[in-house]
Amino acid sequence: VRFFKYFAVHPRLGEISETIAISATPIGHFALVFVTLLFVFAYVGHFLFAFARPEEFGAVWDSVQATIKMMNGEISFQALETAYGSSTVYFQPAAYIPVVLFYFGFFWFIIMLSLNIFLGIILAAYDKVHDRVLDLDPDDHNVFTDTSYAVGEAWRSTVFYTRACYRQGLRSVI
């Protein structure tokens, strides 16, 4: 966190911290929608799979954790299909439609759409910040130019100090 404060002073290094600052409000609004969608899918998963997979979907909070596992790929379509097939009375071709709708709806709304919107929010904020940095001169607020200038100044002051001490006969300082 302290690095971001130090980097914020420098326009080129402060791009990340300024991107986070600009995108904080849209990310907050996105998080509200994302968590709402996640809870909707958790409730539907609890309704569909609580009987067949009580360790993952038995309680609503377990269902929320299971949907997070689905985002990470730890729960597959095959596992949900097998679980839902075991909880129905007997096999019917239309019995798997809720599983297909749940899994691919989750995949589309949560993984494909929501996470890409999240990336879009961050990239839009970064574009705003980066456009301001591109307007600077190449040598203006350049980390490498600033560093070489600081090192050069430190070297020059050390050399001048050493020469001044030598001229005054202060060899013990050298």
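The rules behind these values
- Residues numbered from 1 in each chain as written.
- Predicted model: local features only at pLDDT ≥ 70, side-chain atom pairs only at ≥ 80, totals over all residues.
- Heavy atoms only, no water.
- Patch = residues over 30% accessible without salt bridge, like charges linked within 9 Å, V, L, I, M, F, W, Y side chains within 5 Å.
- Areas by Shrake-Rupley, 256 points an atom, 1.4 Å probe, with all protein chains shown as cover.
- Salt bridge = Lys/Arg side-chain N within 4 Å of Asp/Glu carboxyl O.
- Helix = DSSP H or I, 4+ residues; strand = E, 2+ residues; numbered from the N terminus.
- Bend = angle between axes of the 7 residues up to and from the residue.
- Buried < 20%, exposed > 50% of the residue type's maximum accessible area, 1.4 Å probe, protein only.
- Phe/Tyr/Trp six-rings, centres within 6.5 Å; stacked < 30°, edge-to-face > 60°.
- Axes fitted to C-alpha atoms, helices over the stretch in contact; angles between N-to-C directions.
- Parallel < 35°, antiparallel > 145°, perpendicular 65-115°, else oblique.
- Contact = heavy atoms within 4.5 Å.
- Nonpolar A, V, L, I, M, F, W, Y, C, P; charged D, E, K, R; others polar.

### Observations concerning a nonpolar patch on the surface
In step 1: A cluster of nonpolar side chains, namely Val100, Phe104, Phe107, Trp108, Phe109, Met112, Leu113 and Ile117, defines an oily patch on the protein surface of about 700 Å² accessible area.
In step 2: Looking at the element boundaries, Ile117 is found in helix α6 (residues 97-134).

### Things to note about helix α2 (residues 15-49)
In step 1: At Ala24, α2 shows its maximal bend, which comes to roughly 50 degrees, and the proline Pro26 appears one to four places after that position.
In step 2: Considered for burial, the residues of α2 that qualify are Glu15, Ser17, Thr19, Ser23, Phe30, Phe34, Leu38, Phe41, Ala42, Gly45, Leu48 and Phe49.

### Some details on the packing of aromatic side chains
In step 1: Evaluation of the coordinates by the stated rule reveals ten aromatic pairs.
In step 2: The interplanar angle of 80 degrees and the centroid separation of 5.5 Å between the aromatic rings of Phe41 and Phe106 together place this pair among those described as edge-to-face. Here Phe106 lies in helix α6 and Phe41 lies in helix α2, a separation of 65 residues in the sequence.
In step 3: What makes Phe106 buried here is its relative accessible area of 1%.
In step 4: With a centroid separation of 5.4 Å and 55 degrees between ring planes, the pair formed by Phe77 and Tyr103 is classed as tilted. With Phe77 in helix α5 (residues 77-87) and Tyr103 in helix α6, this pair connects stretches of sequence that are 26 residues apart.
In step 5: On the basis of relative accessibility, which here comes to 17%, the residue Tyr103 falls in the buried class.
In step 6: Every member of this aromatic cluster is reached through a ring pair, and the members are Phe41, Phe49, Phe57, Phe102 and Phe106.

### Considering the packing of helix α4 (residues 60-72) against α6
How two helices pack is summed up by the angle between their axes together with the distance between the axes.
In step 1: Direction vectors running N to C along α4 and α6 enclose 75 degrees, while the axes themselves pass 11 Å from each other. In terms of their interaxial angle, α4 and α6 are classed as roughly perpendicular. Along the contact surface, α4 presents Thr67, Met70 and Met71, while α6 presents Phe102, Tyr103, Phe106, Ile110 and Ile111.
In step 2: The residue inventory of the contact of α4 with α6, partitioned by class, reads seven nonpolar, one polar and no charged.

Read these as layout, nothing more, since geometry by itself doesn't imply function.
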